[in-house]
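Commentary on secondary and tertiary structure
Each chain, letter by letter, is given below.
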Amino acid sequence: MQFNHTSVLLQEAVEQLHIKPDGVYVDGTLGGGGHAYEVLRRLSLKGRLIGFDQDADAICAAKGRLSEFGGRVQVIHSNFSQMRAGLAKLGITKVDGILLDLGVSSFQLDTPARGFTYRDSQAPLDMRMDRRQTLTAKDIVNEYSEKELFRIIRDYGEDKFAKNIAKHIVSTRREKEILTAGDLCAAIRSAVPMKVQKSGGHPAKRTFQAIRIELNHELEALSGHLDEMISLLDDGGRICVITFHSLEDRIVKTIFKKNEHPCICPPDFPVCVCGRVSRGKALHKPIVPSEEELKINKRSKSAKLRVFERKEQYEQE
C-alpha cells in the first residue's frame, strides 16, 4: 500500500506549535505522518508525540514513516474525539501542543475503493474514515428519507439545489439501488441546471462532502471536543487547526473566540460577575497557503490554519 498525501501548511503549522525539544505533542489526525515527522525531528530524546487516526491505512503508513523515532512516538487507532481518554491511558494529563489537519487525505480521495471520490464512476459509495463502523455512504443514500437527505445536503454541503437533489436521489433509488459514485452523480446531475453544471464545477462535489460529513460525524467530533483539547494544553501550549471548508473554520473560529472572551455579563456591568475566565488567545488571522504551495498542491487552495495559545492568566486587551 502506497499512502500518498501532501501535508498542507506543513512548515507553518509546525512553526506555530513553538515546539519545546522535551515537550509532549499530539497529532490528532496523523494521516501519513507528514506533520508528525516534522514535529519529531524537532524533539529531543525526552520529547514525545502521540498520534491519533481512525483510518487503519493511515495508521499503517504512519508507523512505517515514523519508525526511526522509536519509543518517542505512540500511535493510537482512534478518532481525536477520544483524545483525553487515550492520553489518560498513557498517564498524560497535559500536553504542550496539539495539531489537527481536518478533511480527507489525498490517499483517501485517490483510492477509488475507499469511495470518497465522485470522479470514478465505478467507485463504491463507502466514505468511511474508520472502516470498523458498519454504516456506509451507500446506506445513507438509499435509506435516509428525502427530508433527511435535504437537511444534510443543505447544512453540510451548503448546496442551493439541496431540495431538488434529495428529491432526485429518492426518485432514482425507487427504480434501482444507488451503489456507485456514478449512480449517485447521475441522480445529482439530473437535479442541477445544465448552465450551472457548465460553470459551477462538478455538481456532485457538495453532496459528496455532505454525505461524508454526516457519515463520519466530522462536525460533531470537532465542535464537541475542541474545548476539551484546549483544556489539555499546558500553560503556554498551542493548538493548531487546519480546516478546508467554511463549516469547519466557523466552528474553530467560534470556539477559539469563546475561550478567549468567555464572559457572558451584560456589557454595562462595571466588573465581571459570571466568573468565566479567559483560557488564552487566538493568534493571528487565519494563515493560508503561500503562492508557491498553491502551485505545488492545488488541494491546499481552501486551507486555513488557526492557532490558539493557552494562558492561565491572559491579560485582556
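Use the structure listed above.
Below you will find a few notes about this structure.

Rules behind the numbers
Residues numbered from 1 in each chain as written. Predicted model: local features only at pLDDT ≥ 70, side-chain atom pairs only at ≥ 80, totals over all residues. Heavy atoms only, no water. Phe/Tyr/Trp six-rings, centres within 6.5 Å; stacked < 30°, edge-to-face > 60°. Helix = DSSP H or I, 4+ residues; strand = E, 2+ residues; numbered from the N terminus. Buried < 20%, exposed > 50% of the residue type's maximum accessible area, 1.4 Å probe, protein only. Salt bridge = Lys/Arg side-chain N within 4 Å of Asp/Glu carboxyl O.

This part takes up the packing of aromatic side chains. Enumeration over the complete set of coordinates arrives at three aromatic pairs. Ring plane angle 75° and centroid distance 5.6 Å describe the contact between Y118 and F208, whose orientation is recorded as edge-to-face. Of this pair, Y118 sits in the loop between helix 5 (106-110) and helix 6 (137-143) while F208 is found in helix 11 (residues 205-216), placing the two residues 90 residues apart along the sequence. Under the relative-accessibility criterion, Y118 is labelled buried at 16%. Between F256 and F308 the ring centres are 5.3 Å apart and the planes differ by 40°, which places this aromatic pair in the tilted class. Placement of F256 in helix 13 (residues 246-260) and of F308 in strand 7 (residues 304-310) is noted, with a sequence separation of 52 residues between them.

For the rest of this paragraph, the subject is the environment of H284. By the secondary structure assignment, H284 is in strand 6 (residues 280-287). In this structure the C-alpha to C-alpha distance between H284 and R306, which are 22 residues apart in sequence, comes to 7.7 Å.

Right, let's get into the pattern of salt bridges. Tallied over the full model, the rule gives 21 salt bridges. Of the charged contacts in the structure, one is a salt bridge between D110 and R299, with a shortest N-O distance of 2.8 Å. Of the two residues, D110 sits in helix 5 while R299 sits in the loop between helix 14 (291-296) and strand 7, which places them 189 residues apart along the sequence. Using a relative accessible area of 49% as the deciding quantity, one classes D110 as partly exposed. With a shortest N-O distance of 2.8 Å, R132 and D130 are connected by a salt bridge. For R132, a relative accessible area of 53% corresponds to the exposed category. Connected through salt bridges with shared partners, the residues D55, D57, R114 and R131 form a single ionic network.

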